[in-house]
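# Results of the structural survey
For reference, the chains in residue letters:
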Amino acid sequence: MQADSPEYEETFSSIKVELINVAALENVAGLSIFSGYDDVISVTLVGTKSEVTAISAGDITATADVSSITKAGTYAINISVNVDGNVFVKALSKNSITV
């Protein structure tokens, strides 16, 4: 395989999932989130070797938006991942977190 083959992939572990819109949920709906703050995932990236190896875990942002919650209960919230650089997200260790 050539050094810049587009088939190169690497998995980054222990990427913290950040809950977003928690304050709005608390202020508007009067609801609190009690779980999901410590969730971490693994993210597999694919791209050329030079692009993927230039990425560090700090370049990967994982978020879960709780703004769709309207009443008390347990919810599976989808995880969104953004990565700096010219690489693509191939896989996540899990696609949602439970809050």
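What you see is a predicted model, and the numbers here were worked out from it, not measured in a lab. The residue numbering used here restarts from 1 in each chain and proceeds along that chain's sequence as written. With the structure being a predicted model, the display of local features is reserved for residues of pLDDT at least 70 and the display and counting of side-chain atom pairs for 80 or more, all residues being used for whole-chain, interface and lining totals. The basis for every side-chain value is the complete set of heavy atoms in the structure, and neither hydrogens nor water enter the calculation.

### Thoughts on the environment of Val87
- Relative to the assigned elements, Val87 resides in the loop between β4 (76-83) and β5 (88-92).
- Through-space distance from the C-alpha of Val87 to that of Gly73 is 36 Å; in sequence the pair is 14 residues apart. Only runs of H or I of at least four residues qualify as helices and only runs of E of at least two qualify as strands under DSSP, and these elements are numbered from the N terminus.

### Examining the environment of Gly85
- Following the sequence through the fold, Gly85 ends up in the loop between β4 and β5.
- The class of Gly85 is exposed, set by a relative accessible area of 52%.
- Separated by 15 residues in sequence, Gly85 and Thr70 have C-alpha atoms that sit 35 Å apart. Working definition: with a 1.4 Å probe on protein chains only, accessible area under 20% of the residue-type maximum means buried, over 50% means exposed, and in between means partly exposed.

### A few points about the environment of Gly36
- Its location among the elements puts Gly36 in the loop between α1 (22-29) and β2 (40-47).
- By relative accessible area, Gly36 is classed as buried at 9%.
- When the C-alpha positions of Gly36 and Asn82 are compared, they lie 19 Å apart, and in sequence the two are 46 residues distant.
- When checking whether two residues touch, look at their non-hydrogen atoms; a contact exists if any pair is within 4.5 Å. Excluding residues within four positions of it along the chain, Gly36 makes contact with Val17, Leu19, Ile97, Thr98 and Val99.

### Notes on the sheet that holds strand β6 (residues 96-98)
- Taken in spatial order, the 6 strands make up an open sheet running β5-β2-β1-β3-β4-β6, and their pairing is mixed. Edge positions in the open sheet fall to β5 and β6, since each of these has one partner strand only. Ignoring which end each strand starts from, the neighbouring axes of this sheet average 40° apart.
- If DSSP finds at least two bridges between two strands, the strands pair. Note: β4 against β6, 3 bridges, orientation antiparallel. Paired with Ala76 across the strands is Thr98, a residue of β6. Axis lines are fitted through C-alpha atoms, for helices just across the contact stretch, and the angle between N-to-C directions can take any value from 0 to 180 degrees.

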